[in-house]
Amino acid sequence: QVQLVESGGGLVQPGGSLRLSCAASGNIVSTDYMGWYRQAAGQQRELVAQINGGGDTYIDSSLKGRFTISRDNAKNTVSLQMASLEPEDTAVYYCNVWRALIDGSNINFWGQGTQVTVSS
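About the criteria used
Residues numbered from 1 in each chain as written. Predicted model: local features only at pLDDT ≥ 70, side-chain atom pairs only at ≥ 80, totals over all residues. Heavy atoms only, no water. Helix = DSSP H or I, 4+ residues; strand = E, 2+ residues; numbered from the N terminus. Rg over C-alpha atoms; globule rule 2.2 N^0.38 Å. Buried < 20%, exposed > 50% of the residue type's maximum accessible area, 1.4 Å probe, protein only. Contact = heavy atoms within 4.5 Å. Areas by Shrake-Rupley, 256 points an atom, 1.4 Å probe, with all protein chains shown as cover. Lys, Arg positive; Asp, Glu negative; His and termini not counted. Charge placed at Lys NZ, Arg CZ, Asp CG, Glu CD. Pairing = 2+ DSSP bridges. Axes fitted to C-alpha atoms, helices over the stretch in contact; angles between N-to-C directions. Salt bridge = Lys/Arg side-chain N within 4 Å of Asp/Glu carboxyl O.

1. What to know about the overall build of the protein
Step number 1: For the protein, the count of helices and strands is zero helices and 11 strands.
Step number 2: In sequence order, the protein lays out its α and β elements as β-β-β-β-β-β-β-β-β-β-β.
Step number 3: The C-alpha radius of gyration of the protein comes to 14 Å, within 12% of the 14 Å expected for a compact globule of 120 residues.
Step number 4: Its C-alpha atoms give the protein principal-axis dimensions of about 45 × 25 × 25 Å.
Step number 5: Across the 120 residues in the protein, those meeting the buried criterion constitute 41%.
Step number 6: Within the protein, counting contacts between residues at least 6 apart in sequence, those at least 24 apart form 53% of the total.
Step number 7: Total accessible area on the protein stands at roughly 6,400 Å², and carbon and sulfur atoms take up 47% of it.
Step number 8: If you average the places of the 8 positive and of the 10 negative side-chain charges in the protein, the two averages end up 4 Å apart.

Now the structure itself:
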C-alpha cells in the first residue's frame, strides 16, 4: 500500500506562485507514475501533471509554461510548482500514484487533497 500526504496549499493572490509537495510512504517503484490532479467545485477531477521514475513528464497543455512537476525518487516525493496563478486554478489538488500491475490492470493511490485558492 501507498500513503500520500500533500502539503503547500493555501490562499494566494492572482499572479502569485505556490509549491505543492507530496510525500509517499510505502513501496514506491520506479515504474510508478506520480502526479497531481485537481478538482474545482462542481467539476470533474482532472489530470494536471504526471512524472515517471525516469523523469519524463506530462503537463496539461493549458498549464504548460506555468506549472512544473518534479520528483525525487530517493525521497519518494513529487512536487508541483505553480506560477502566474489565476482564479481558475482554484481547486482541491490531489497527489496521485498510478501503478501498472503485472496482470495488466492498474491501481491508483490518492492523497487527501490540499486546497488551493487564488483570490485577491
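2. As for the sheet that holds strand β7 (residues 67-72)
Step number 1: Pairing within the open sheet is antiparallel, and its four strands lie in the order β1-β3-β8-β7. For this open sheet the edge positions go to β1 (2-7) and β7, each flanked by a neighbour on one side alone. Taking each pair of neighbouring strands and ignoring which way they run, the sheet shows an average axis angle of 15°.
Step number 2: Judged from the six bridges that link them, β1 and strand β3 (residues 18-26) form a sheet pairing that is antiparallel. Looking at β3, one finds that Glu6 is bridged to Cys22.

3. Describing unusual backbone geometry
Step number 1: You will see that Asn76, though not glycine, has its phi angle at about 55°, which is positive.
Step number 2: Mapped onto the secondary structure, Asn76 falls in the loop between β7 and β8 (77-82).
Step number 3: Judged by relative accessible area, Asn76 falls into the buried class, the value being 18%.

4. Some remarks on the environment of Phe109
Step number 1: Examined against the element boundaries, Phe109 turns out to sit in strand β10 (residues 106-110).
Step number 2: Note: C-alpha distance between Phe109 and Gln81 (28 residues apart in sequence) is 21 Å.

5. So, the pattern of salt bridges
Side chains that carry opposite charge are capable of pairing whenever their charged atoms lie near each other.
Step number 1: The full count for this structure, using the stated rule, is five salt bridges.
Step number 2: Where Arg38 meets Asp89, a salt bridge forms, and the shortest distance between an N and an O atom there is 2.9 Å. A residue pair is termed long-range when its members are at least 10 positions apart, and Arg38 in strand β4 (residues 33-39) and Asp89 in the loop between β8 and β9 (91-100) qualify at 51 residues. For the pair Arg38 and Asp89, one class covers both residues: buried.
Step number 3: Counted as one network, the salt bridges with shared partners bring together Arg38, Glu46, Arg66, Glu86 and Asp89.

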